[in-house]
Amino acid sequence: MTNERIPLLIDTDPGVDDALALLMALRDTRHDVLGLAIVAGNVGLRHTVANALKLCEIAGREDVPVFAGCDRPLLHAAPDAAYVHGVDGFGDVGYVPATRGVEPEHAVQAILRLSHEHAGRLLLVMLGPLTNLALALRLDPTLPERIGRLVVMGGAVTARGNITPSAEFNVYFDPEAARIVFEAFPAFDLADWEATVAHGMHHRNVDGWLAAPGPVAAFYEAISRHTRLWSEDGRGELWHAADALAMAMALSPHGVLQAESRPIDVVLGDPVARGTTVVDWQRQLGRPDQARILLRYDQPMFEGLVRGALGA
């Protein structure tokens, strides 16, 4: 049926940015959120799991199962982003924890199970490090055959990074996992950090949206305050919401105004360039174009999705 909702599974490390993207997805009537697969990233797994559970409660979506996943990268230790998101990932506002707990099933097993239950239709959106998906691929290399569409937030496609001079946080956190995923999927959508910077939202506009009545806007205003002040201090008049842009690309693909498909790889060994995403823009290596890279999204549509998520 053409009006059947699209099954959606979100892998995430909430995180203020992830929270906004999740609010967008949880209110979207065209998609059926099957669950949240949680990974360590912005902060440790204990916090990202608690944040996911609380966000579902605030959004009135306690029907959405939360699956705890990997608590560290595949091979090497990586920094978190507590300096951006707060020690607990949600601005250290001291929220009352959600009353329910996580599902007993591990996030990696949930990814595999749901890929079978919704084979060929599943929309998989990766908002954090790619550790869970990389492990799922090692358990079952046929997984990409069952994914209808994969959307990844990660990378910096001309090596203008946000955690090192050339690397973006999600890929840098677990570059081995990113390489496994990028090599396994013949086609996926990529919303990178540089697209995020090109789609900033004015702080004053965001402040207005966060004044909307209701518990969702109030909660998000509180947990994002630390991040927004940090952003305004360090980055100027525009606020950048990477995961929200990736979610816009996932939920409303018709908003993509410009995208380019190219081969992409990840630097592993070099101590300076580790985690850098290398795009073969000139197709010099003869590899297939597996990444469809977002370059331009409809800005009013993007901001409309954000406003809607906040009830503004």
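To start, this report covers the structure provided alongside it.

1. Brief notes about helix α2 (residues 45-58)
For step 1, the next point in the chain: Compared with an ideal rise of 1.5 Å per residue, which puts 14 residues at 20 Å, α2 spans 20 Å between its outermost C-alpha atoms and is within 8% of the ideal.
For step 2, the next point in the chain: Across the 14 residues that make up α2, a large majority, 10, are buried.

2. Considering the side chain of Asp-17
For step 1, the next point in the chain: Along the chain, Asp-17 falls in helix α1 (residues 16-26).
For step 2, the next point in the chain: What makes Asp-17 buried here is its relative accessible area of 12%.
For step 3, the next point in the chain: Apart from residues lying up to four places away in sequence, Asp-17 is in contact with His-85, Tyr-220, His-240, Ala-241, Ala-242, Asp-243 and Ala-244.

3. Quick notes on the environment of Pro-288
For step 1, the next point in the chain: For Pro-288, the position within the fold is in the loop between β11 (277-279) and β12 (291-297).
For step 2, the next point in the chain: Taking the C-alpha atoms as reference points, Pro-288 and Ser-261, 27 residues apart in sequence, are found 9.2 Å from one another.

4. A word on the packing of aromatic side chains
For step 1, the next point in the chain: For the coordinates displayed, the defined rule picks out six aromatic pairs.
For step 2, the next point in the chain: Members of the aromatic cluster, joined through ring pairs, are Phe-90, Tyr-95 and Phe-219.

5. Side note on the environment of Thr-196
For step 1, the next point in the chain: Along the chain, Thr-196 turns up in helix α8 (residues 193-197).
For step 2, the next point in the chain: Accessibility expressed as a relative area gives 3% for Thr-196, which makes it buried.
For step 3, the next point in the chain: Sequence separation between Thr-196 and Val-152 is 44 residues; the distance between their C-alpha atoms is 13 Å.
For step 4, the next point in the chain: Apart from the residues lying within four places of it in its own chain, the contact partners of Thr-196 are Met-153, His-240, Ala-241, Ala-242 and Leu-245.
For step 5, the next point in the chain: At a separation of 3.0 Å, a polar atom in the side chain of Thr-196 contacts the main-chain carbonyl oxygen of Asp-192.

6. Some remarks on a nonpolar patch on the surface
For step 1, the next point in the chain: Taken together, the side chains of Leu-74, Leu-75 and Leu-135 make up a nonpolar region of the molecular surface, amounting to roughly 250 Å² of accessible area.
For step 2, the next point in the chain: Note on placement: Leu-74 falls in the loop between β3 (66-68) and α3 (82-85).

7. Points about the nonpolar core
For step 1, the next point in the chain: Membership of the largest hydrophobic core comes to 65 residues, with the highest contact counts inside it found for Ile-10, Met-24, Leu-36, Tyr-220, Met-247 and Val-306.
For step 2, the next point in the chain: Residue contacts for Met-247: discarding those within four places in its chain leaves Ile-10, Ala-21, Met-24, Ala-25, Val-125 and Leu-127.
For step 3, the next point in the chain: If you look at the next biggest cluster of nonpolar residues, it comprises 39 residues, including Ala-37, Phe-67, Leu-114 and Ala-134.

8. A short note on the pattern of salt bridges
For step 1, the next point in the chain: Counted under the stated rule, the structure contains 20 salt bridges.
For step 2, the next point in the chain: A salt bridge links Asp-28 to Arg-30; its shortest N-O distance comes to 2.7 Å.
For step 3, the next point in the chain: According to the relative accessible area criterion, Asp-28 is buried, its value standing at 9%.
For step 4, the next point in the chain: Judged by relative accessible area, Arg-30 falls into the partly exposed class, the value being 36%.
For step 5, the next point in the chain: Measuring nitrogen to oxygen at the nearest pair gives 2.8 Å for the salt bridge that ties Asp-71 to Arg-72.
For step 6, the next point in the chain: Salt bridges here are not isolated pairs; linked through shared partners, they connect Arg-204, Asp-207, Glu-221, Arg-225 and Arg-228.

9. A word on the state of the cysteines
For step 1, the next point in the chain: As enumerated under the stated definition, the model contains zero disulfides in all.
For step 2, the next point in the chain: Cys-70 provides the cysteine sulfur closest to Cys-56, a residue in no disulfide bond, and the two sulfurs are 19 Å apart.
For step 3, the next point in the chain: Using a relative accessible area of 0% as the deciding quantity, one classes Cys-56 as buried.
For step 4, the next point in the chain: With relative accessibility at 8%, the residue Cys-70 sits in the buried group.

10. A word on the pairing of strand β5 (residues 147-153)
For step 1, the next point in the chain: In terms of burial, β5 is largely enclosed, as five of its seven residues are buried.
For step 2, the next point in the chain: Here five bridges tie strand β4 (residues 122-126) to β5, and the two strands are oriented parallel to one another. By the bridge assignment for β5, Leu-123 is matched with Arg-149.
For step 3, the next point in the chain: Read from β4 through helix α5 (residues 131-139) to β5, the crossover connection turns out right-handed.
For step 4, the next point in the chain: Pairing of β5 with strand β6 (residues 188-191) involves three bridges; the strand directions are parallel.

What counts and how
Here the residue numbering is sequential within each chain, running from 1 through the sequence in written order. Local features in this predicted model are restricted to residues of pLDDT 70 or higher, and side-chain atom pairs are both shown and tallied only at a pLDDT of 80 or more, whereas totals for entire chains, interfaces and linings draw on every residue. To get the side-chain values, all heavy atoms of the structure are used, and hydrogens and water are removed first. Counting from the N terminus, the helices are DSSP H or I runs at least four residues long and the strands are E runs at least two residues long. By definition here, a helix of n residues has an expected span of 1.5 Å times n minus one. Note on classification: 1.4 Å probe, protein chains only; a residue is buried when its accessible area is under 20% of the maximum for its type, exposed when over 50%, partly exposed between these limits. Note on definitions: a residue-residue contact is assigned when non-hydrogen atoms from the two residues lie within 4.5 Å. Any pair of Phe, Tyr and Trp rings, taking the six-membered ring for Trp, is counted once the centres come within 6.5 Å. Such a pair is stacked with planes under 30 degrees apart, edge-to-face with planes over 60 apart, and tilted for the rest. Side-chain atoms alone can form a polar contact between residues adjacent in sequence; in general such a contact is a pair of N or O atoms within 3.5 Å, and within protein one must be able to donate a hydrogen while the other accepts it. Each patch is assembled from residues with relative accessible area greater than 30% and no salt bridge, linking like charges that lie within 9 Å and nonpolar side chains (Val, Leu, Ile, Met, Phe, Trp, Tyr) that lie within 5 Å. Computed with the Shrake-Rupley method and a 1.4 Å probe, the accessible areas treat only the protein chains shown as cover for residues. Salt bridges are defined by distance alone: a side-chain nitrogen of Lys or Arg within 4 Å of a carboxyl oxygen of Asp or Glu. Residues belong to one nonpolar core when they are buried, are Ala, Val, Leu, Ile, Met, Phe, Trp, Tyr or Cys, and are joined through side-chain atoms within 4.5 Å. Criterion for a disulfide: a pair of cysteine sulfur atoms at a distance within 2.5 Å. Note on pairing: two strands pair once DSSP finds at least 2 bridges between them. Classification remark: right-handed applies to a crossover when, strands pointing away from the viewer, the course from the first strand over the helix to the second runs clockwise.

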